[in-house]
Amino acid sequence: MQLIQENPDLSAYLAADEAIDHHHPLVRETAATLARRVANSYEYAQEAFEFVRDTIPHSQDAGDPRVTWRASDVLEQRTGICYAKAHALAALLRAEDIPTALCYQKFDVVHGLVAVRFNGAWHRQDPRGNKPGVDAQFSLDGERLAFTPDPALGETDCPVLYAAPHPAVLDTLKSAVDRPHLWRTLPTAL
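Since we're looking at a predicted model, the values are computed, not measured. (Residues numbered from 1 in each chain as written. Predicted model: local features only at pLDDT ≥ 70, side-chain atom pairs only at ≥ 80, totals over all residues. Heavy atoms only, no water.)

Chemist: Hey, could you run me through unusual backbone geometry in this one?
Modeler: With the exception of glycine, most residues fall at negative phi, and the peptide bonds are largely trans. One non-glycine residue with positive phi stands out, namely Arg78, at about 55 degrees. Arg78 sits in the partly exposed class, given a relative accessible area of 35%. (Buried < 20%, exposed > 50% of the residue type's maximum accessible area, 1.4 Å probe, protein only.)

The following block contains the structure:
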């Protein structure tokens, strides 16, 4: 699949916004802590991915009713669904000057992930969190995502790389009073 930058300006994929608040002190502190553990930006990207995937439970898997959407809130509350975890990972990567896009897959509902840019190419990563039947891994040599769409079921990979969260995703997260409400209102299309 050919990934398509929504914005041709690569600097847009380093920007902060209300959801990817990488200038927030908690995001900066977390990024600095992770950066001290590694030798280069490739190792940092994997470290940040594994941190979000493994230390921030997916709220549905954990039965956590809280809804987070801002990266700093995800890091503080240590919970989030796929979109929120993607926002947190994007913020941590952008905090260390790694261009990061938000991207989506379409199943019964829209699933969120990120793409990182290394060596002149985008590489999709899925920090949603592993569980039985889900084994997402950081990879720059072929995708190791949580889920693979089945076109026979109408499932698709969305090729667009967004610099900011899609409005349908952000509006849904921001309007949810709790995770059960969120689960009933998840976007089914972009």
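Further notes follow.
Chemist: How should the state of the cysteines be read in this particular structure?
Modeler: Overall, the coordinates contain 0 disulfides when judged by the stated rule. Between Cys82, a cysteine without a disulfide, and Cys103, which holds the nearest cysteine sulfur, the sulfur-to-sulfur distance is 11 Å. (Disulfide = S-S within 2.5 Å.)

Chemist: Which parts of the structure should I look at to understand the environment of Tyr83?
Modeler: Its location among the elements puts Tyr83 in helix α5 (residues 82–95). Distance from Tyr83 to Ala71, taken between C-alpha atoms, is 10.0 Å for residues 12 residues apart in sequence. Dropping the residues within four chain positions of it, Tyr83 is found in contact with Tyr104, Val110, His111, Gly112, Val169, Leu173, Leu186 and Pro187. (Helix = DSSP H or I, 4+ residues; strand = E, 2+ residues; numbered from the N terminus. Contact = heavy atoms within 4.5 Å.)

Chemist: Just to check I follow, could you spell out the pairing of strand β2 (residues 100–106) for this structure?
Modeler: Both faces of the sheet carry side chains from a regular strand, because those side chains alternate between them. Taking burial as the measure, the 7 residues of β2 include 6 buried ones, the bulk of the element. With 7 bridges joining them, β2 and strand β3 (residues 110–118) adopt antiparallel strand pairing. Across the sheet, residue Lys106 finds its bridge partner in β3, namely Val110. Two successive antiparallel strands, β2 and β3, enclose a turn made up of 3 residues. One ladder, built from 2 bridges, connects β2 with strand β5 (residues 156–157); its direction is antiparallel. Paired with Gln105 across the bridge in β5 is Asp157. (Pairing = 2+ DSSP bridges.)

Chemist: Explain the pairing of β3 here, please?
Modeler: Within β3, 8 of the 9 residues are buried, which leaves it mostly tucked inside the rest of the structure. Summarising the sheet, β3 and strand β4 (residues 121–125) pair through 5 bridges and their orientation is antiparallel. Residue Val114 lies in a different strand from β4, and its bridge partner there is Gln125.

Chemist: In this structure, what is going on with the pattern of salt bridges? I would like to understand it.
Modeler: Once their charged atoms are close, side chains differing in charge can pair, the charge on each being opposite to the other. Tallied over the full model, the rule gives 10 salt bridges. In this structure, the salt-bridge partner of Arg53 is Asp54, at a minimum N-O distance of 2.5 Å. Given the relative accessible area of 10%, Arg53 is considered buried. In this structure, the salt-bridge partner of Asp157 is Arg124, at a minimum N-O distance of 3.0 Å. Here Asp157, found in strand β5, pairs with Arg124, found in strand β4; they are 33 residues apart in sequence, far enough to count as distant. A network of salt bridges, in which partner residues are shared, links Asp61, Arg128 and Lys131. (Salt bridge = Lys/Arg side-chain N within 4 Å of Asp/Glu carboxyl O.)

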